[in-house]
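# Architecture at a glance
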Amino acid sequence: MNFRRTFLVKCLLLLFANVKYSVTSEIYMAVNESAFLSIAAAAGKVYDATWLKDKKKMLQLKNNSVKYYVNKEQCRCKILPNGTLQIDQVVKEDSGNYMVTVYQEDGKLKAEEAIMFIVQDPVPQPVLSAQCVNKTASVMCEVKQKTKDETFLMELTRDKSKSLQKNVTKLELHKQPSGTFRCVVKNKVSKKTAEKLIKCSELLELYLILSIAGGAIFFVIFVILLIYCIRKRKAERLEGDEEDRKMHACQTDSEMVVRELPQPQCNPTPKQLRVQQRPLPQPHVLQQAQPPRPRPRTQQRTPHHSRERP
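Throughout what follows, the structure given in this document is the object of discussion. Just so we're clear, the structure is a prediction, and the values are computed from it rather than from any experiment.

### Side note on the sheet that holds strand β7 (residues 85-87)
Sheet architecture is open: 3 strands sit in the order β2-β7-β6, paired in antiparallel fashion. Looking at strand neighbours, the two that pair on one side only are β2 (35-37) and β6 (77-79), the edges of this open sheet. In this sheet, neighbouring strand axes are inclined to one another by 20 degrees on average, regardless of whether the strands run parallel or antiparallel. Looking at chain direction, β6 and β7 are connected through 3 bridges and run antiparallel. Bridged to C77 within β7 is I87.

### Observations regarding the pairing of strand β8 (residues 96-103)
The sheet contact formed by strand β3 (residues 48-53) and β8 spans 6 bridges and is antiparallel. Within β8, the position partnered with A49 by the bridge is V102. Pairing of β8 with strand β9 (residues 109-120) involves 8 bridges; the strand directions are antiparallel. Of the residues in β9, the one forming a bridge with Y103 is L109. Between the antiparallel neighbours β8 and β9 lie 5 residues, among them G107 with a positive phi of about 90 degrees.

Definitions and cut-offs
Residues numbered from 1 in each chain as written. Predicted model: local features only at pLDDT ≥ 70, side-chain atom pairs only at ≥ 80, totals over all residues. Heavy atoms only, no water. Pairing = 2+ DSSP bridges. Helix = DSSP H or I, 4+ residues; strand = E, 2+ residues; numbered from the N terminus. Axes fitted to C-alpha atoms, helices over the stretch in contact; angles between N-to-C directions.

Given below as structure tokens:
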């Protein structure tokens, strides 16, 4: 039984080894990466493999020797022993229809495969923004960098609400309740996501708290500046009064020096002794004028007639 199974497997391998394969596939690659276009029908080394791009020959591997039909430096490509085509630092111009044909040593066609190779740019980073109106949110997802030939899918979701479009730079959801919103931008080679929790009821309260805090800080700063100005003016006034007092004291000292009499000498001369021995004139005591005394009333005398002499 084992011998029969082994013989059947060998027959199948020999039968399918000579089958011609025709495979069409798509391969996507990001810019500046290295691409490997392999041959599905080749399990190991191949004898003869020829690669074409848009029906133009690129290079051929035959009996371990490689022949280039294009500029090697511009191509940035090489073929591996198993027939795989390697392209380094791919650019968008490398996109196209690639075809490979594989022949055996006896000249029989072993495989023929076609590959659609597409090079894409990585998608840009999305930005989520929201505007609250009556405690409902209008959310917008936006990408700000987009080239003319870029193709990607944009998806904006919140729970069961979803908006999905292709090749747009802006996507919106209106009249949504508070919650977590997620925006996804993707293509065949990359995917980027933005997620944000939006609560409209708390946004207004937050703005109010920030406004009150800002006003309080401004008021405190104003009071501090006012106190500083008042103290500064008071210090300047006290300094001016101190200078005035010093100047007045200096003037008083100078007047005292000018009015000070000369000190008498210790050994007076004889002339000075005689002058000192003279008695000083006594000052006259001025009698104070007494107020006039009231005059007594005199009775009116009756007129006496002069006696006539006899």
